Amino acid sequence: MRMLHTSDWHLGRSFHRVPLLDAQAAFLDHLVATAQAREVDVVLVSGDVYDRAVPPLTAVELFDRALHRLAAAGVPTVMISGNHDSARRLGVGAGLFDRAGIHLRTDPESCATPVVLADDHGDVALYGLPYLEPALVKDTLRAAGAGHEAVLTAAMDRVRADLASRPEGTRSVVLAHAFVAGGEPSDSERDITVGGVAAVPAGVFDGADYVALGHLHGSQRVTSRVRYSGSPLAYSFSEADHRKTMWLIDLDGGGNITAEERIDCPVERPLARLRGRLDTLLTDSALDRHEHAWVEATLTDPVRPADPMARLSTRFPHTLSLVFDPERPPDDPLASYAQRLKGRDDHQIAEDFVAHVRGGSGPSDPERSVLRAAFDDVRVDESVREVSR
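Computed from a predicted structure; not experimentally measured. (Residues numbered from 1 in each chain as written. Predicted model: local features only at pLDDT ≥ 70, side-chain atom pairs only at ≥ 80, totals over all residues. Heavy atoms only, no water.)

## So, the packing of aromatic side chains
One pair of aromatic rings is described through two measures. These are the centre distance and the angle between the planes.
And then number 1: Applying the stated rule across the entire model yields 3 aromatic pairs.
And then number 2: In this arrangement the basic side chain of R269 is found over the ring face of W294, its NZ or CZ atom lying 4.9 Å from the centre. (Phe/Tyr/Trp six-rings, centres within 6.5 Å; stacked < 30°, edge-to-face > 60°. Lys NZ or Arg CZ within 6 Å of the ring centre and 35° of its normal.)

In C-alpha cells form, the structure reads like this:
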C-alpha cells in the first residue's frame, strides 16, 4: 500500500502578515497531482488542517476544493484534527464524507474504529487519533493520568485491542498529533506542555506498522516507523533551513516499509536569516542569493543605525523582520530585556519574577507546582474558549 503522509497545513495562516493562501493553494494542487501521478493508495493528513478553530472563509473554501479534488480523483484520504483545529467543526459531515472516501477522524472516542482499506496482501487498518487534550479526554479514555503520555497510551491500548481482534496479518497505520520525544521543534508550533511535560516516548505507539505524526513542522524520522511529515510551508524564520516535503511510503504485505521518498513541496519564496552590521549586510556580495528571499535581519551594530528597515529594503525588498542584537559583553547592563528572556519559557520567567521580588529566593517546590498548574489551566481554558466560539 502506497501512502502519502502530510500534515500541518495551517490553512488561513499568514507569515509576518503576508497572506499565504496562494502558496497553500499551490501546495494543495501539488498534493493532488502527486497523489495521482504516483498512484497513491491513501493520503494521510495528521492534523492542524486549519490554523485556528474558526478559520476564515477563504481557508474553508480552499479546504473544500481540496476534498472535492481528492474525492474526484478516487484517492482515499484519512484526516485527523490537530491542536489548532476545532475537532467538532472539522468533523461536521464526517459520515457523509466517508461515502466519498474522505475519512475525518476527530472524535477521541472513535480512535479505535479504523478506516479499513485493502490491497493485494489483505487489510490495512488506519487508526486516526485526533489531538488529545489531556484535561478534556482523560476521563473519556479512562487514562491512568492527566498528561499526554497517559491519554495517548490509553488511546493506543484501545487501538491494539481492536487490532488484536482482526484477522491475522492485518497491518496497521496510526495517525496522531503529538510531540514525540526525539522530534526537533521549531518556533511556530503552539505549546502543548502539560505539567511541565510536552513530549511522549515513541514507545507509546508500539505495535503499529507506521505512525504518521503531525504537530512538529520539520520533516523528520523519530524511528524508522514513526515520522513527522512536517508542514508544507515555512511558518517561522526558525524553519529557514527546513526542506519542506511529504513522505511517500510503501508498506508491504508483512508490514515492512519497503520504499520511502521525500516529495518536495513547492516553495513560493525561500527564507533567509541574516546577521551582521548594517553596512556589511548592504555590501557583502555573498548575500546576493538572498535578495529575493523573505528576510529576517539581525543587526549587531553597537549603536542602532538610522532608518535600518528602509535601507535594508533597498537591497532586500522582502525583509519582514528586523531584530537588534548589539555587540556587547554578556554582563553589559544595557543588554536588552529580550536578550535576558531568550530561551526561557513562561514558567521560567514567572519563577524569575518570584526570585526578583523576593530578593533572590525563588519559589519552593509546592509554589512551582501551583505556578505550573496555573499555566496549564490558562492554556486549557484558552483552548476550550477558542473551540466554543
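## So, the sheet that holds strand β9 (residues 171-177)
And then number 1: Within the open sheet, the 6 strands sit side by side as β7-β8-β9-β12-β14-β13. Their pairing is mixed. On the outer flanks of this sheet lie β7 (115-119) and β13 (220-221), each paired with one strand and no other.
And then number 2: Pairing analysis gives 5 bridges linking β9 to strand β12 (residues 210-214), with the strands arranged parallel. The residue bridging H177 from the neighbouring strand is G214, located in β12. (Pairing = 2+ DSSP bridges. Helix = DSSP H or I, 4+ residues; strand = E, 2+ residues; numbered from the N terminus.)

## Let's talk about the UniProt feature "domain: Calcineurin-like phosphoesterase" (unreviewed entry) in the chain
And then number 1: Mapped onto the present numbering, the UniProt feature "domain: Calcineurin-like phosphoesterase" (unreviewed entry) falls on residues 1-218.
And then number 2: Secondary structure across residues 1-218 comprises 29% helix and 23% strand; the distance between its end C-alpha atoms is 25 Å. (UniProt positions renumbered as here; feature names shortened; annotations may be inferred.)

## Description of unusual backbone geometry
And then number 1: Of note in this structure, H16 is not a glycine but carries a positive phi near 50 degrees.
And then number 2: If you trace the backbone, H16 turns up in the loop between β2 (14-15) and β3 (18-19).
And then number 3: Of the residues examined, H16 reaches a relative accessible area of 39% and is grouped as partly exposed.
And then number 4: Here the phi dihedral of E39 falls at roughly 50 degrees; this positive angle occurs in a residue that is not glycine.
And then number 5: Structurally, the position occupied by E39 is in the loop between α1 (21-37) and β4 (42-46). (Buried < 20%, exposed > 50% of the residue type's maximum accessible area, 1.4 Å probe, protein only.)

## Considerations on the sheet that holds strand β19 (residues 319-324)
And then number 1: Strand order in the open sheet formed by 3 strands is β17-β18-β19, and the pairing between neighbours is parallel. Single-partner strands in this sheet number two, and they are β17 (271-276) and β19. Within the sheet, the average angular offset between the axes of one strand and its neighbour, ignoring direction, is 15 degrees.
And then number 2: Pairing between β17 and strand β18 (residues 294-299): 6 bridges, direction parallel. Residue A272 lies in a different strand from β18, and its bridge partner there is V295.
And then number 3: The strands touched by helix α8 (residues 308-315) within the sheet are β18 and β19, with β19 carrying the most contacts at an inclination of about 135 degrees. (Axes fitted to C-alpha atoms, helices over the stretch in contact; angles between N-to-C directions. Contact = heavy atoms within 4.5 Å.)

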